[in-house]
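Structure assessment
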Amino acid sequence: MITIVAGTNRKNSVTLKVAQYYEKLLNEKGKSCQVLDLAKLPEDFVFSSLYGEQNSRFLKITQQYIFEPSKLIVVTPEYNGSFPGIMKSFIDGWDPRKVSGKWVALAGVSSGRQGNARGMDDLTNIFNYLKINVIPVKPPLSQISTLLNEKGEVSDDGMNDLIQLQLDLLLEK
Ligand SMILES: Cc1cc2nc3c(=O)[nH]c(=O)nc-3n(C[C@H](O)[C@H](O)[C@H](O)COP(=O)(O)O)c2cc1C
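Residues numbered from 1 in each chain as written. Predicted model: local features only at pLDDT ≥ 70, side-chain atom pairs only at ≥ 80, totals over all residues. Heavy atoms only, no water.

Moving on: the packing of aromatic side chains. One pass over the structure, following the stated rule, counts four aromatic pairs. Relative to F127, the ring of W94 lies with its centre 6.1 Å away and its plane at 5°, an arrangement referred to as stacked. One end of the pair, W94, is in the loop between helix 4 (85–92) and strand 4 (103–109); the other, F127, is in helix 5 (residues 117–129), with 33 residues separating them in the sequence. Grouping residues by exposure puts W94 and F127 together as buried. One aromatic cluster is present, formed by F45, F58, F90, W94 and F127 through successive ring pairs. Here K173 stacks its cationic end above the ring of W103, 4.5 Å away from the centre of that ring. (Phe/Tyr/Trp six-rings, centres within 6.5 Å; stacked < 30°, edge-to-face > 60°. Helix = DSSP H or I, 4+ residues; strand = E, 2+ residues; numbered from the N terminus. Buried < 20%, exposed > 50% of the residue type's maximum accessible area, 1.4 Å probe, protein only. Lys NZ or Arg CZ within 6 Å of the ring centre and 35° of its normal.)

Next comes the structure, spelled out in structure tokens:
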């Protein structure tokens, strides 16, 4: 089982559409996966689940979507030049001992030209600190309104090649 995290809680985010596109690609490869939309986290989790506080709903989500799978795909939008704060708060609620050694693939989404390249670098540093391995191919999905077609699929051949290479690298781990 692979978890695909849509790394924002903005309702109807484009990031969620990209996460669902990754889900479709994995299904086409015969791989089972599950999507976690951060909009589904308990609304008060920043105050009820971090620093040793116990929130059973948050624990259940982290157990199912983060601790149990050995591989993750994390799709994050670019907000103010990096990944969203809710994603960092979510990570701060993980037990570091339960994520060490996992593999993660990153994708960035932006309306501007950067495709959240900097945010993916920032996430790479954090994940490496947690001893999580990051696949070195990190598709920057920039100018997303022109990149996704009406079916929510990436329409650019070069970008699709990059995504396929990234998925193949993740699946061989
Ligand atoms: C709080 C916020 C900050 C944003 N900052 C940037 C930015 O720094 N660079 C950029 O290209 N787009 C920025 N955007 C636009 C997003 O890239 C755009 O909404 C895109 O669709 C991905 O975000 P989404 O998954 O929330 O839809 C920002 C959007 C929000 C809501």
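On we go.
To continue, consider the site of the ligand. Close contacts around the ligand come from 14 residues, with R10, T15, Y79, N80 and G112 the closest. Note that a nitrogen atom of the ligand is positioned 2.9 Å from one of the side-chain N or O atoms of E78. G112 is positioned with one of its backbone polar atoms (N or O) 2.8 Å from an oxygen atom of the ligand. Relative to its free-state accessible area of 600 Å², the ligand is covered by the protein chains to the extent of 71%. Residue composition of the shell around the ligand, grouped by class: five nonpolar, seven polar and two charged. (Near = heavy atom within 4 Å. Polar contact = N/O pair within 3.5 Å; in protein donor to acceptor, adjacent residues only side chain to side chain. Areas by Shrake-Rupley, 256 points an atom, 1.4 Å probe, with all protein chains shown as cover. Nonpolar A, V, L, I, M, F, W, Y, C, P; charged D, E, K, R; others polar.)

On to the nonpolar core, then. Grouped together as the largest cluster of nonpolar side chains are 29 residues, with contacts concentrated most on I66, V74, M87, F90, W94 and F127. Breaking this core down by element, the ones donating at least two residues are helix 3 (56–67), strand 3 (71–77), helix 4, strand 4 and helix 5. The residues touching V74, leaving out its near neighbours within four places in the chain, are V5, M87, V104, A105, L106, A107, L123 and F127. In this structure, I4, A6, A107 and L148 belong to the second largest nonpolar core, which totals 27 residues. (Core = buried A, V, L, I, M, F, W, Y, C linked by side-chain atoms within 4.5 Å. Contact = heavy atoms within 4.5 Å.)

All right, on to helix 3 then. Where helix 3 is concerned, the buried positions are F58, I61, T62, Y65, I66 and F67. Along the axis of helix 3, the buried residues cluster in a sector spanning 150°; they form a single face. Facing away from the buried surface of helix 3 by more than 90 degrees, the exposed residues are S56 and K60. The residue sitting at the N-terminus of helix 3 and contributing the capping side-chain oxygen is N55; that oxygen lies 3.0 Å from the backbone nitrogen of R57. (Arc of directions from axis to C-beta.)

On to the pattern of salt bridges, then. In a structure, side chains of opposite charge can pair up when their charged atoms sit close to one another. Applying the stated criterion to the full structure yields six salt bridges. A salt bridge links K24 to E28; its shortest N-O distance comes to 3.2 Å. Separated by four residues within a single helix, K24 and E28 lie in helix 1 (residues 14–28), roughly one turn from each other. On the accessibility criterion, E28 (55% relative accessible area) is exposed. The residue K24 makes a salt bridge to E153 at a minimum N-O spacing of 3.1 Å. A residue pair is termed long-range when its members are at least 10 positions apart, and K24 in helix 1 and E153 in the loop between helix 6 (144–147) and helix 7 (157–171) qualify at 129 residues. (Salt bridge = Lys/Arg side-chain N within 4 Å of Asp/Glu carboxyl O.)

With that settled, consider the packing of helix 1 against helix 7. Packed helices, taken two at a time, are described by the angle their axes make and the gap between the axes. Between helix 1 and helix 7, whose axes approach to 11 Å, the crossing angle comes to 65°. Helix-helix and strand crossings are classified by hand; for helix 1 and helix 7 the assignment is right-handed. Touching Y21, Y22, L25 and L26 of helix 1 are N160, I163, Q164, Q166, L167 and L171, all from helix 7. Each residue belonging to the contact of helix 1 with helix 7 can be placed in one class, and the counts come to seven nonpolar, three polar and no charged. (Axes fitted to C-alpha atoms, helices over the stretch in contact; angles between N-to-C directions. Left-handed = near helix turned anticlockwise from the far one by under 90°.)

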